[in-house]
Amino acid sequence: MKINVLKSRVEDVSCGVLIVGLFADHDIDSPLRALDDSLGKGLTHLLKSKEFVPDWGKTWVHNTLGKHAVKNILLIGLGKREEFDVEKLRRASGIGIKCAREIASTVVSTLTLLDVPKTLMYDRAHAVAEGSVLGAYRFDQYKTMGKDKRKDITTLSLIADTQPNADKANEALRHALTVSEMVNFARDLINQPPSIMTPTQMSVMAKRVSSERKVKCSTYGRDDILRMGLGGLFAVSKGSTQEPKFIVMEYRNPKAKRTVALVGKGITFDSGGLDIKTEGHMQDMKDDMSGAAVVMATTAAAAQLKIQVNVIGVMPCTENMPGGSAYKDGDIIKTYSKKTIEVLNTDAEGRIILSDALSFAEKNYKPDAIIDLATLTGACVVALGRWSAGLIATNDQLADRLILAASHTGERIWRLPLYDEHKEVVKSQIADVKNIGPPREAGVLTAAAFLAHFVEKTPWAHLDIAGPAFIKEAQDYIPAGGAGFGVRLLVHMLEDWAKE
Ligand code: BES
Ligand code: ZN
Ligand code: ZN
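A brief report on the enclosed structure follows. Predicted model, so just to flag it, every value in this text is computed and none were measured.

## Observations regarding the pattern of salt bridges
Pairs may arise between side chains of opposite charge once their charged atoms sit close together. In the structure shown here, the tally under the stated rule is 26 salt bridges. Salt-bridge contacts for Lys168 lead to Glu171; the nearest nitrogen and oxygen are separated by 3.4 Å. Highlighted residues: Lys168 and Glu171, both in helix 5 (residues 163-191), separated by three residues, approximately one helical turn. Exposure remark for Lys168: the relative accessible area of 40% places this residue in the partly exposed category. For the salt bridge of Lys265 with Glu349, the shortest nitrogen-to-oxygen distance reads 3.1 Å. On the criterion of sequence distance, the pair formed by Lys265 in the loop between strand 9 (259-264) and strand 10 (266-270) and Glu349 in the loop between strand 13 (340-342) and helix 10 (350-365) is long-range, its members being 84 residues apart.

## Structural notes on the pairing of strand 5 (residues 106-109)
Here strand 2 (residues 15-22) pairs with strand 5 via three bridges, running parallel. Residue Leu18 lies in a different strand from strand 5, and its bridge partner there is Val108. Where strand 5 meets strand 6 (residues 155-160), four bridges bridge the pair, whose relative direction is parallel. From the neighbouring strand, Val107 faces strand 6, where its bridge partner is Leu156.

## Some remarks on the environment of Gly135
Its location among the elements puts Gly135 in helix 4 (residues 121-135). By relative accessible area, Gly135 is classed as buried at 1%. Taking the C-alpha atoms as reference points, Gly135 and Pro439, 304 residues apart in sequence, are found 39 Å from one another. Every residue in contact with Gly135, bar those within four places of it in the chain, is listed here: Gly94, Ile97, Lys98, Arg101, Glu130, Asp476, Tyr477 and Pro479.

## Section: the packing of helix 5 against helix 9 (residues 290-304)
Viewed as axis vectors pointing N to C, helix 5 and helix 9 meet at an angle of 155°, and their least axial separation amounts to 9 Å. It follows that helix 5 is roughly antiparallel to helix 9 by the angle criterion. As for how helix 5 packs across helix 9, the hand of that crossing is right-handed. Along its contact with helix 5, which presents Thr178, Met182, Phe185, Ala186, Leu189 and Ile190, the element helix 9 presents Ser290, Ala293, Val294, Met296, Ala297, Ala300, Ala301 and Gln304.

## Considering the site of ligand 1
Taken together, 15 residues sit near ligand 1, with Asp270, Lys277, Asp347, Glu349 and Gly378 positioned nearest. Between ligand 1 and Asp347 there is a distance of 2.8 Å, counted from an oxygen atom to a side-chain nitrogen or oxygen. One nitrogen or oxygen atom from the main chain of Gly378 is found 2.7 Å from an oxygen atom belonging to ligand 1. When grouped by side-chain class, the residues that make up the shell around ligand 1 number four nonpolar, four polar and seven charged.

## Structural notes on the coordination of the zinc ion (ligand 3)
Distances from the zinc ion (ligand 3) to its protein donors, Lys265 (NZ), Asp270 (OD), Asp288 (OD) and Glu349 (OE), fall within 1.9 to 2.4 Å. Coordination of the zinc ion (ligand 3) draws on donor residues from a single chain, spaced K-x4-D-x17-D-x60-E in sequence. Residue Lys265 is classed as buried on the basis of its relative accessible area, which comes to 2%.

## Examining the sheet that holds strand 6
The six strands are arranged 1-6-5-2-4-3 in an open sheet whose pairing can be described as mixed. The two strands at the open ends of the sheet, each matched to only one other strand, are strand 1 (2-7) and strand 3 (59-63). Ignoring strand direction, the axes of neighbouring strands in this sheet form an average angle of 25°. Examined bridge by bridge, strand 3 and strand 4 (residues 70-77) share five bridges and lie antiparallel to one another. Following the sheet pairing, Trp60 is matched in strand 4 by Leu75. Contacts from helix 4 reach strand 1, strand 5 and strand 6 within the one sheet, and its direction differs from that of strand 6 by about 165°. On the sheet, helix 5 packs against strand 1 and strand 6 and is oriented at approximately 165° with respect to strand 1.

Reading the values: the criteria
- Residues numbered from 1 in each chain as written.
- Chains lettered and ligands numbered in written order.
- Predicted model: local features only at pLDDT ≥ 70, side-chain atom pairs only at ≥ 80, totals over all residues.
- Heavy atoms only, no water.
- Salt bridge = Lys/Arg side-chain N within 4 Å of Asp/Glu carboxyl O.
- Helix = DSSP H or I, 4+ residues; strand = E, 2+ residues; numbered from the N terminus.
- Buried < 20%, exposed > 50% of the residue type's maximum accessible area, 1.4 Å probe, protein only.
- Pairing = 2+ DSSP bridges.
- Contact = heavy atoms within 4.5 Å.
- Axes fitted to C-alpha atoms, helices over the stretch in contact; angles between N-to-C directions.
- Parallel < 35°, antiparallel > 145°, perpendicular 65-115°, else oblique.
- Left-handed = near helix turned anticlockwise from the far one by under 90°.
- Near = heavy atom within 4 Å.
- Polar contact = N/O pair within 3.5 Å; in protein donor to acceptor, adjacent residues only side chain to side chain.
- Nonpolar A, V, L, I, M, F, W, Y, C, P; charged D, E, K, R; others polar.
- Donors = N, O, S within 2.8 Å, 3.2 Å for Na, K, Ca; no water.

Pasting the structure below:
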């Protein structure tokens with residue numbers, strides 16, 4: 001799909017589908033009036049007759065039967081104007097693009113011209129481009145049937161009314177494209193079958209995406225992991241025949257005043273290990289590397305956008321399998337920090353590999369902040385569902401930066417508390433810490449508290465993305481499967497911070 005900005009009046013456009021958004025309780029007014037006039041007031045009549053009521057998310061295709069250079073008009077109901085915002089614009093764009101591609105291959109969107117309160121052309125064009133590119137994503141490389149019938153959009157044009165607006169829209173488009181393509185890159189990594197997207201394949205992808213963007217990328221295999229003292233990652237990898245990989249991407253900007261370390265959980269398949277998962281709980285466990293996928297994509301995006309912050313992406317990658325050499329309940333592991341972990345459940349493996357990665361990032365890079373992303377606990381899904389990630393932070397400023405960024409990108413995060421008591425209950429009798437807390441009590445927080453033992457003094461935030469990382473039912477601009485949750489919010493947060 002090629003996407004560009006078109007400076008034109010709506011009535012002068014020619015295309016297969018023209019996407020038009022309509023608010024409930026509003027008549028056709030400029031900039032659609034001239035188009036409506038040329039259609040003999042067809043749109044006005046349609047609304048008057050109540051055949052189409054523009055409630056939120058409703059769609060209607062109006063064929064112009066050769067009377068206009070626009071072959072079809074796709075109407076999208078936007079609901080009440082006072083409830084409309086940038087996120088709804090993104091969602092409407094996702095709805096629009098999926099519907100439009102069923103009709104024709106050349107599409108012009110008028111959604112950029114909508115009167116969205118408190119927005120500039122830049123924001124609107126950004127949202128429409130994002131919603132469209134993210135909504136049009138599909139992962140169908142393994143489908144052999146029905147592919148021929150698949151329709152794809154060849155060009156999408158975002159309409160702008162004036163030259164200054166067209167310039168702004170172009171600027172927004174370039175940015176939105178870079179970010180959305182990196183979200184789709186993360187989605188591709190997550191959606192690949194686990195026997196394809198192995199730790200080794202993750203390292204191949206990290207090398208590739210880094211070399212295309214002048215990012216330094218180091219990947220370490222089993223022997224290095226052992227030699228470096230990454231005992232947690234090594235232990236979790238023992239039950240698998242796949243070699244673990246410890247991946248570090250370094251993007252540095254000469255003008256950067258700060259360094260942020262991003263750490264992502266990279267379990268390419270979580271069987272649970274010897275504490276094996278039961279039926280139904282293992283199906284989606286290829287998604288357990290979503291944190292690493294998002295860190296890889298964000299670091300690459302930061303480099304491509306030349307954000308003035310140094311970004312260190314740290315991705316411990318391994319399978320969690322129950323092979324004959326698997327780590328066992330009762331084992332004690334020495335981690336990179338020299339602290340020891342008593343293993344009481346091999347399915348709580350994410351925190352074990354992250355313990356190494358967090359202290360590795362802190363010790364070797366002395367970052368101004370560490371942010372980790374992990375599909376860490378089922379408890380977080382119980383608490384917040386698929387609709388929000390859990391945020392646990394030791395620093396209010398860092399938490400607020402993330403919350404503010406998330407409010408702009410529509411990725412929801414919800415802050416949860418971290419008390420000394422949480423850190424107490426994961427202390428072990430025979431080692432320093434144990435990898436589970438008391439049963440059925442605040443599992444999302446005891447997991448975070450465990451991680452907190454491995455960050456000494458750096459401001460740290462933990463995003464438990466177990467809910468929104470992978471979704472079963474498509475949302476407006478998130479197709480079912482890997483969501484790439486977190487890329488846009490981290491990019492936004494890094495850009496905001498760079499400006500300070
Ligand atoms: N990868 C899972 C967490 C998960 C569950 C992610 C559901 C997405 C959806 C994690 O490794 C895990 O198995 N956690 C256990 C921890 C428990 C044994 C303390 C869990 O949440 O059940
Ligand atoms: Zn697990
Ligand atoms: Zn896991």
